[in-house]
Amino acid sequence: MTSATAVENKGAVQLTAAMMLSGTLGVFVVESGASPFNVVFFRVLFGALALGGYALARGYFRGHGFTPRTLGLAALGGVFIVFNWVLLFQSYENTSISVATVVYHTQPFYVVLLGALLFRERLTAAKAGWIALAFAGLVLVSGVSPADFTNGGSYLIGVGQALLAALLYGLSTLVTKRITGVRPHLIALVQVLVGIPLLLPFTDFGAMRGTGADWGWLVGLGVVHTGLMYVLMYAAYAKLPTAKIAVLAFTYPAVAMVMDWAVYGHHIDLVQALGVPLIVTASLKVTLPRNTESARSIMARRIAEAASVTPAGRTPRTPVAGPAPRTVAHGTGAASRLARPVASKA
């Protein structure tokens, strides 16, 4: 086994582990028994402690690379990320973990559409067709019926919350991927730190009295699903080609659906299941570049770049934080620099 293959295999294990952890997120949210705003507040609080401790231990604060502009972009991305989490967790309550997670995976299509709208990326007819197919799959997966418009509409609201969460995630991706020269761990740390004062007015501390063992679920959301999961994802990105990142990221919704069935007995019906392959196929077609480099060629290029481009004493550029694999349209224009997918920061 060559060294490049061994490195890629290690990255695949790391990303698979990160996505499997992400798939258990919904169970931790529901079992905590806390409101979505309370859950997200304590997630960012414990997540900031976990990420901050890791960055401090690794010495990432030295030569951090932030400028006032990139720090502002990271903070703006944090606003989108935090409220994206609130909406996703509210969607769990109104639909189910399975439905909310699959609907949430319309993220890459929002990124493409936003890239075309905000950065004038060329949207090809082929990509427009794949996006249309994905939203046809979304209609099937959502399982919305006429009755949902007349019986209070909580299920319909939940689907809308998942869609809006995906939109906010797409905005965060576009903003965050414009940050260069900063380690992704530090960008993620800024994003969760922003969430602490942002969510403070919406947090009901009185409701947290006497939660007892439920605190373990909240600590897990911060330490495991924000600290450990992000560390694994960022380590994997540097080792894997785009195609493998895109494929492995679908471990997340698959595990989420299995957990929802195993723990709560929830499952999507046959008609809903027909929409899943439509979304998955369309996502891969939109996400993957036409010509994907092999892992070996990517590794060779990175080694060459590190040896010839990185000046002594400076921190090399690293992948930026950003959400599951999600990309912007490949083409010309400002957003074409943002084409590398990033795994879902659910």
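Residues numbered from 1 in each chain as written. Predicted model: local features only at pLDDT ≥ 70, side-chain atom pairs only at ≥ 80, totals over all residues. Heavy atoms only, no water.

K.L.:
Explain the packing of helix H9 (residues 184-199) against helix H10 (residues 214-237) here, please?
P.N.:
Working note: a packed helix pair is described by the angle between its axes plus the distance between those axes. At a minimum axis separation of 10 Å, H9 and H10 run at an interaxial angle of 150 degrees. On the basis of their axis angle, the class for H9 and H10 is roughly antiparallel. For the crossing formed where H9 meets H10, the hand is right-handed. Contacts between H9 and H10 involve Pro 184, His 185, Ala 188 and Val 192 from the former and Thr 226, Tyr 230, Val 231 and Tyr 234 from the latter. Partitioning the contact of H9 with H10 into residue classes produces six nonpolar, two polar and no charged. (Axes fitted to C-alpha atoms, helices over the stretch in contact; angles between N-to-C directions. Helix = DSSP H or I, 4+ residues; strand = E, 2+ residues; numbered from the N terminus. Parallel < 35°, antiparallel > 145°, perpendicular 65-115°, else oblique. Left-handed = near helix turned anticlockwise from the far one by under 90°. Contact = heavy atoms within 4.5 Å. Nonpolar A, V, L, I, M, F, W, Y, C, P; charged D, E, K, R; others polar.)

K.L.:
Could you clarify how one ought to interpret the pattern of salt bridges in this entry?
P.N.:
A side chain with one charge can pair with a side chain of the opposite charge if their charged atoms come near. Applying the stated criterion to the full structure yields one salt bridge. Here Glu 8 ties to Lys 244 by a salt bridge, and the two come within 2.8 Å at their closest N and O atoms. One end of the pair, Glu 8, is in helix H1 (residues 3-23); the other, Lys 244, is in helix H11 (residues 242-248), and 236 residues separate them in sequence. (Salt bridge = Lys/Arg side-chain N within 4 Å of Asp/Glu carboxyl O.)

K.L.:
When you look at the nonpolar core in this model, what are you seeing that I'm missing?
P.N.:
Leu 15, Leu 88, Phe 89 and Tyr 92 are the most contacted members of the largest nonpolar core, which has 66 residues in total. At eleven residues, the largest contribution of residues to this core is made by helix H4 (residues 68-94). One finds Val 99, Ile 131, Ala 162 and Ala 282 within the second-largest nonpolar core, a separate group that totals 17 residues. (Core = buried A, V, L, I, M, F, W, Y, C linked by side-chain atoms within 4.5 Å. Buried < 20%, exposed > 50% of the residue type's maximum accessible area, 1.4 Å probe, protein only.)

K.L.:
Please clarify how the packing of aromatic side chains should be interpreted in this entry.
P.N.:
Ring pairs (aromatic) are described by centroid distance and by the angle formed between their planes. Scanning all chains against the criterion turns up 15 aromatic pairs. Seen in terms of ring centroids, Phe 41 and Phe 205 are 5.5 Å apart; in terms of plane orientation they differ by 90 degrees. Their pairing is edge-to-face. Here Phe 205 lies in the loop between H9 and H10 and Phe 41 lies in helix H3 (residues 36-58), a separation of 164 residues in the sequence. On the basis of relative accessibility, which here comes to 5%, the residue Phe 41 falls in the buried class. In this structure Phe 205 comes out as partly exposed when scored by relative accessible area, which is 42%. (Phe/Tyr/Trp six-rings, centres within 6.5 Å; stacked < 30°, edge-to-face > 60°.)

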